[in-house]
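Examining the three-dimensional arrangement
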Amino acid sequence: MRQAGRYMPEYRAMRRRFGFLELCKNPEAAAEVTLQPVGRLGVDGAILFADILLIVEPLGVGLEFVQGEGPAIRRPVRSERDIARLRPIDVDAAVPFVFETARRVTRALAGKVPLIGFAGAPFTVASYVVEGGPSRDYLHAKRLMYEAPEAWHRLMAILADATARYLNGQIAAGAQAVQIFDSWVGVLGPDDYRAFVQPHTQALIQALTPGVPVIHFGTGTAALLPLMRAAGGDVLGLDWRVDLDRGWAAVGHDVAVQGNLDPAVLLAKPAYIRQRAKDVLDRAGGRPGHIFNLGHGVFQETPVEHVKALVDMVHELSDRR
Ligand code: CP3
């Protein structure tokens with residue numbers, strides 16, 4: 001889940017002082033934002049404050065974050081010509097501030113809880129670069145895949161390579177686990193996933209520093225889970241559109257799973273939240289290898305006390321087993 005965010009008053013206070021990109025590029029402030037949820041909520045891991053789109057800035061696509069609208073790419077990459085012009089991304093030059101944030105957070109945490117780094121999976125990052133922003137149907141990305149598969153594969157390879165260096169840099173700076181967000185991959189059918197995505201996600205995961213757990217997450221992935229598992233990851237992240245027990249059976253009990261409470265449940269009263277949290281834990285059945293999490297990010301409208309209550313409930317309910 002996204003831990004830091006606008007549902008937290010502390011985060012909103014920081015955002016009054018800094019624009020979103022400015023905040024990501026200021027390691028002192030970004031480290032503070034990373035640590036806020038750990039102190040306030042009592043979660044078992046810190047999530048690096050950064051974004052999946054930071055690595056595409058050097059492609060010259062005109063990355064901006066627009067208040068209330070999310071990310072915007074002013075010069076999307078849509079044609080074979082656009083893609084032929086792209087050069088490999090110099091990650092160390094592009095995001096030194098992310099690595100510095102990770103070093104500061106690692107020092108401040110002093111081993112109390114692990115730091116989790118993250119990046120976008122090649123498909124989800126490509127979808128922004130090609131569409132220019134959020135999309136419902138991903139028609140530009142799909143047209144490119146179908147009509148210019150070589151160009152598509154070149155773009156995916158550039159992103160997979162940069163993403164591996166982005167994550168390995170976070171690991172070198174202290175991240176003890178990394179999560180790969182393929183947030184929008186659920187718009188693809190299994191054949192398209194297999195042909196246009198899986199080889200790149202697999203290459204990315206294989207290029208990561210050995211021995212560091214990798215969490216591989218997507219949404220709307222019920223039909224893709226076995227293929228995502230084959231692409232790699234020590235933990236498969238599940239969203240709420242699949243029952244946790246069925247999702248776990250689909251990927252196999254020899255991998256761990258993370259998930260999968262619907263974040264909208266946090267809008268309801270704590271007694272109801274408890275019932276639904278317990279249902280997720282019951283479906284995990286006390287089996288080792290379940291990481292309790294939301295199925296996706298916290299909505300801005302969520303009362304922060306409800307998130308805190310959930311963390312406490314999960315600690316209490318899982319100690320009882
Ligand atoms: O500290 C943390 O917990 C880090 C949180 C985090 C951010 N981005 C910070 C952020 C994470 C894990 C991400 C990853 C990310 N970024 C994803 C994958 C995760 C997911 O939710 O599926 C995606 C798709 C992006 C791209 C992105 N960045 C979008 C779609 C948005 C707009 C979201 C919104 O709610 O408006 C962002 C901006 C963003 N990234 C915010 C935060 C806290 C909100 C920006 C703000 O303060 O206005």
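Just so it is clear, the model here is predicted, and its values are computed rather than measured.

**Looking at the overall build of the protein**
When you go through the protein residue by residue, the secondary structure sums to 15 helices and nine strands. Relative to the compact-globule value of 20 Å for 321 residues, the protein shows a C-alpha radius of gyration of 19 Å, a close match. If you line up the protein on its principal axes, its C-alpha atoms span 60 × 45 × 35 Å. Residues classed as buried in the protein amount to 56% of the 321 residues present. The contacts in the protein between residues at least 6 apart in sequence include a share of 70% that link residues at least 24 apart. Separation of charge centres in the protein, based on 36 positive and 35 negative side chains, amounts to 3 Å.

**A few points about the site of the ligand**
Taken together, 22 residues lie around the ligand, and Arg-6, Tyr-11, Arg-15, Ser-183 and His-296 are the ones closest in. Taking Tyr-11, its side chain carries an N or O atom lying 2.5 Å from an oxygen atom of the ligand. Between an oxygen atom of the ligand and a side-chain N or O atom of Ser-183, the distance comes to 2.4 Å. Protein chains shield 89% of the accessible area of the ligand, which is 880 Å² for the free molecule. Class assignment of the residues belonging to the shell around the ligand gives a composition of 14 nonpolar, four polar and four charged.

**As for the sheet that holds strand E5 (residues 177-182)**
Reading across from one edge, E1-E4-E5-E6-E7-E8-E9 is the order of the seven strands in this open sheet, with parallel pairing throughout. Of all strands in the sheet, those with a lone pairing partner are strand E1 (46-47) and strand E9 (290-294), marking the two edges. Bridge analysis of E5 against strand E6 (residues 214-218) gives five bridges, and the strand direction is parallel. Bridging from a neighbouring strand, Phe-181 pairs with Phe-217 of E6.

**Looking at unusual backbone geometry**
In the segment running from Gly-259 into Asn-260, the intervening peptide bond is cis, with an omega of -5°. With respect to the helices, strands and loops of the structure, Asn-260 is situated in strand E8 (residues 256-261). Here Ala-110, not a glycine, exhibits a phi torsion of approximately 45°, which is positive. Turning to its location among the elements, Ala-110 is positioned in the loop between helix H6 (96-109) and strand E4 (115-120). Positive phi, close to 55°, is recorded for Tyr-138, a residue that is not glycine. Classification of Tyr-138 by relative accessible area gives buried; the value is 5%.

**Here we look at the environment of Ala-4**
Structurally, the position occupied by Ala-4 is in the segment before helix H1 (9-17). A relative accessible area of 16% places Ala-4 in the buried class. Considering only alpha carbons, one finds Ala-4 and Pro-37, 33 residues apart in sequence, at a separation of 6.3 Å.

**Concerning the packing of helix H7 (residues 122-131) against helix H9 (residues 149-172)**
Interhelical geometry of H7 versus H9 gives an angle of 115° and a closest axis separation of 9 Å. Regarding H7 and H9, the two cross each other, and that crossing is right-handed. Across from Pro-122, Phe-123, Val-125, Ala-126 and Val-130 in H7, the residues of H9 making contact are Trp-152, Leu-155, Met-156, Leu-159 and Ala-160. Tallied by class, residues from the contact of H7 with H9 come to 10 nonpolar, no polar and no charged.

**A word on the packing of H7 against helix H8 (residues 139-147)**
Two numbers describe how H7 lies on H8: the axes approach to 8 Å, and their chain directions differ by 105°. With respect to H8, the axis of H7 lies roughly perpendicular. Residues Phe-123, Val-130 and Glu-131 of H7 form the contact with H8, whose participating residues are Leu-139, His-140, Ala-141, Leu-144 and Met-145. When grouped by side-chain class, the residues that make up the contact of H7 with H8 number six nonpolar, one polar and one charged.

**Topic: the pattern of salt bridges**
Scanning all chains against the criterion turns up 17 salt bridges. Linking Arg-103 and Glu-100 is a salt bridge whose minimum nitrogen-to-oxygen distance equals 3.2 Å. On the criterion of helical spacing, the pair formed by Arg-103 and Glu-100 is a turn pair, its members being three residues apart in helix H6. Here Glu-100 falls in the partly exposed class, since its relative accessible area comes to 22%. For Arg-283, the salt bridge identified is with Asp-245, shortest N-O distance 3.0 Å. You can see Arg-283 sitting in helix H14 (residues 270-284) and its partner Asp-245 sitting in helix H13 (residues 244-251), a full 38 residues away along the chain. The partly exposed category is assigned to Arg-283, whose relative accessible area is 28%.

Rules behind the numbers
- Throughout, a residue's number is its position along its own chain's written sequence, starting from 1.
- Under the rules for a predicted model, residues below a pLDDT of 70 receive no local features and side-chain atom pairs below 80 are neither given nor counted, while totals for whole chains, interfaces and linings still include all residues.
- Only hydrogens and water are removed before side-chain values are computed, so all heavy atoms of the structure are retained for them.
- Think of it this way: any DSSP run of H or I at least four residues long counts as a helix, any run of E at least two long counts as a strand, and we number them from the N terminus.
- Atoms considered for the radius of gyration are the C-alpha atoms alone. The globule rule reads 2.2 Å times the number of residues to the power 0.38.
- Buried residues are those whose accessible area, probed at 1.4 Å on protein chains only, stays under 20% of the maximum for their type, while exposed residues exceed 50% and partly exposed ones sit between those limits.
- Contacts are assigned to residue pairs with any non-hydrogen atoms lying within 4.5 Å of each other.
- Here Asp and Glu are counted as negative and Lys and Arg as positive; His is not counted, and neither are the chain ends.
- To locate a charge, take NZ of a lysine, CZ of an arginine, CG of an aspartate or CD of a glutamate.
- Nearness is judged by heavy atoms alone; a residue qualifies as near a molecule or strand once a single heavy atom is within 4 Å of it.
- Throughout this description, a polar contact denotes any pair of N or O atoms lying within 3.5 Å of each other; where both atoms belong to protein, one of them has to be capable of donating a hydrogen while the other can accept it, and for residues adjacent in sequence the pair is counted only when both atoms sit in side chains.
- Each accessible area is a Shrake-Rupley result for a 1.4 Å probe, and residues are judged covered by the shown protein chains and nothing else.
- Only Asp, Glu, Lys and Arg are considered charged in this grouping, and only Ala, Val, Leu, Ile, Met, Phe, Trp, Tyr, Cys and Pro are considered nonpolar; every other residue, Gly among them, is considered polar.
- Strands are labelled as partners when DSSP assigns at least two bridges between them.
- Between the N-to-C directions of two axes lies an angle of 0 to 180 degrees, each axis being a line fitted to C-alpha atoms and, for a helix, fitted only over the stretch in contact.
- The crossing is said to be left-handed when, going from far helix to near helix, the turn is anticlockwise and less than a right angle, and right-handed when the turn is clockwise.
- Every angle not falling under 35 degrees, over 145, or within 65 to 115 is termed oblique; those three ranges are roughly parallel, roughly antiparallel and roughly perpendicular.
- The working definition used for a salt bridge is a side-chain nitrogen of Lys or Arg within 4 Å of a carboxyl oxygen of Asp or Glu.

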